[in-house]
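Spelled out, the chains give:
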Amino acid sequence: MKKLFLLLCFCPFFTSCSLVTLERQIYPICLSVDATEDGQFQLALQAPRSSGSDDAAYDIISATGETLEDALRVLSASTPYPLNFSQIRLCIVGYHLAATTPLRPLLRLLMEQPTMRPTAYVSIAMGRALDVLQNQQPDFGMRLSTHLNLLLDRLQQERLLPDSTLSACVRELSDGRCDLLIGLCAVNRTLVPEEENVKKENTPSGGQPAFALGEPWSDELLPENMLAGTISHTSPNPVEYLGAAAVSEGRVSGVLTADETQLALRLLADGKRRVARNGESLQLQILLPQDSGLLQDIPRIHDLMTRLQMLDSDALFFGGIAAMTFRTNAEWEAYGFRGRYRNADIAVGWE
């Protein structure tokens, strides 16, 4: 009984130590990864700044290394408190890095961090990913985490951005039978004041709130040729989230505009896809419900498929469908679907 009594007496002290440890950690909200001009990895984190005021403020810290693991190690060693990734909402990869480096090892290393949030959204930045962090702040006085939750959830629900969470990307990139789309973001330079452009070149913090597309007034496709960073409009918010990066064999091979992304996501959700093989001929088929509004957009569907074939990106998962018609992996690999995909015939109809 005496030992139990002594243990109970010391419990409050153990609890208070644990709470202090939890408080003295850095909880980043956003993360960016870029390739530097000399081929190194640059990792940056955007985290809340500790302050006594009610207004949330955010700082950006960064580090470089020969590998992403080296950059992580340098960043961890240079901060006064341990890094905790449980609050990460957004992981941004610079376009140059995403186009020249296999994405799965990079994203898998991030996901394997002990405290990493697997539902963090992955986005490809047109230009430097760090530029997006430098220009990103929450709208309407919200916290950045709340702002990103609302923004990204809404854009995905309205099929304006693909579901490219960290765990989903790592999972889909492990399957060589097909490809995927990853959300796109960019800084619209025409919306950044000249003095702010100069400031961003000399400091890694500060910026403007993030851009969110207005509510769609119908189920029709967006206007053609809209892309993050190039929208003609006036707004105090220079960061735009629109369009998608098309992945081919583990790397980004090009981009889809906002309407192409919206069309691809609607086809994935509402259309049936089939693959027909006849000797050396290969036909990719898309079947739509008879009451589908997409039937009036068949020419745009053909244009989308031509675009994906040109990028060698099987983002509509025809490869996974075709693989089910083979008895063994050896037969599937011998057929060489990837080499035939680019020149396959396209057929769009209804059922």
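Above this note sits the structure.
A.B. asks: Go over helix α4 (residues 103-111) with me, naming the residues and quoting the values.
C.D. replies: Within α4, burial applies to Leu103, Leu106, Leu107 and Leu110. Seen along its axis, α4 keeps its buried residues to an arc of 90°; they face one direction.

A.B. asks: Report on unusual backbone geometry, specifying residues and quantitative values.
C.D. replies: With phi around 60°, Arg159 is a residue other than glycine that occupies positive phi space. Secondary-structure assignment places Arg159 in the loop between α6 (144-157) and α7 (166-173). Positive phi, normally seen in glycine, also occurs at Phe317, with a value near 65°. Mapped onto the secondary structure, Phe317 falls in the loop between α10 (298-310) and α11 (318-323). Note on Phe317: relative accessible area 26%, which makes it partly exposed.

A.B. asks: Quick one: what's the story with the packing of aromatic side chains, residue by residue and with numbers?
C.D. replies: Under the counting rule described, the total for this entry stands at four aromatic pairs. Taken together, a centroid distance of 5.7 Å and an interplanar angle of 70° make the contact between Phe326 and Trp332 edge-to-face. Summarising the burial analysis for this pair, Phe326 and Trp332 share the class buried. Under the relative-accessibility criterion, Trp332 is labelled buried at 12%. Over the face of the ring belonging to Tyr335 we find Arg277, whose NZ or CZ atom lies 5.3 Å from the ring centre. The residue whose ring lies beneath Arg340 is Tyr335, and the NZ or CZ to ring-centre distance is 4.1 Å.

A.B. asks: Explain the layout of surface pockets residue by residue, including any values.
C.D. replies: Counted as a void, the second largest pocket has a volume near 280 Å³. Pro162, Asp163, Leu265, Leu268 and Phe317 are the residues nearest the centre of the second largest pocket, which is lined by 16 residues in total. Listed by contribution, the elements that provide at least two residues to the lining of the second largest pocket are α7 and α9 (258-270). Sort the elements by how many residues they give to the lining of the second largest pocket and α7 lands first, with four residues. Its residues placed into classes, the lining of the second largest pocket shows ten nonpolar, two polar and four charged.

A.B. asks: How would you summarise the pattern of salt bridges if you had to cite specific residues and measurements?
C.D. replies: Using the criterion set out here, one finds twelve salt bridges in the structure. For the salt bridge of Asp70 with Arg73, the shortest nitrogen-to-oxygen distance reads 2.9 Å. Of this pair, Asp70 and Arg73 are both found in helix α2 (residues 68-78), three residues apart, which corresponds to roughly one turn of the helix. Note that Arg159 is salt-bridged to Asp270, the shortest N-O span being 3.1 Å.

A.B. asks: An account of the nonpolar core is requested, with residue identities and associated values reported.
C.D. replies: When a protein is soluble and globular, its nonpolar side chains tend to lie buried together. Within the largest apolar cluster, 39 residues are counted, with the highest numbers of intra-cluster contacts made by Leu31, Val33, Leu103, Leu106 and Leu107. Apart from the residues lying within four places of it in its own chain, the contact partners of Leu31 are Leu43, Ala44, Leu45, Phe85, Ile88, Leu90, Cys91, Ile92, Leu110, Met116 and Leu133. Within the second largest apolar cluster, 32 residues are counted, among which are Ala315, Phe318, Ala322 and Phe326.

A.B. asks: Can you tell me about the packing of α9 against α10, naming the residues and giving the values?
C.D. replies: Orientation of α9 relative to α10, taken along the N-to-C sense of each, is 100°, at an axis distance of 10 Å. The angle between α9 and α10 places the two elements in the roughly perpendicular class. For the pair α9 and α10, contact is made by Asp259, Glu260, Leu263, Ala264 and Leu267 and by Arg300, Ile301, Leu304 and Arg307, respectively. Residue composition of the contact of α9 with α10, by class: five nonpolar, no polar and four charged.

Thresholds, definitions, all that
- Residues numbered from 1 in each chain as written.
- Predicted model: local features only at pLDDT ≥ 70, side-chain atom pairs only at ≥ 80, totals over all residues.
- Heavy atoms only, no water.
- Buried < 20%, exposed > 50% of the residue type's maximum accessible area, 1.4 Å probe, protein only.
- Helix = DSSP H or I, 4+ residues; strand = E, 2+ residues; numbered from the N terminus.
- Arc of directions from axis to C-beta.
- Phe/Tyr/Trp six-rings, centres within 6.5 Å; stacked < 30°, edge-to-face > 60°.
- Lys NZ or Arg CZ within 6 Å of the ring centre and 35° of its normal.
- 1 Å grid on protein atoms, 1.4 Å probe; cavity = no way out; pocket = protein on both sides within 12 Å on 5 of 7 lines; lining within 4 Å.
- Points joined across faces, edges and corners; volume = space filled by probe spheres on them.
- Nonpolar A, V, L, I, M, F, W, Y, C, P; charged D, E, K, R; others polar.
- Salt bridge = Lys/Arg side-chain N within 4 Å of Asp/Glu carboxyl O.
- Core = buried A, V, L, I, M, F, W, Y, C linked by side-chain atoms within 4.5 Å.
- Contact = heavy atoms within 4.5 Å.
- Axes fitted to C-alpha atoms, helices over the stretch in contact; angles between N-to-C directions.
- Parallel < 35°, antiparallel > 145°, perpendicular 65-115°, else oblique.

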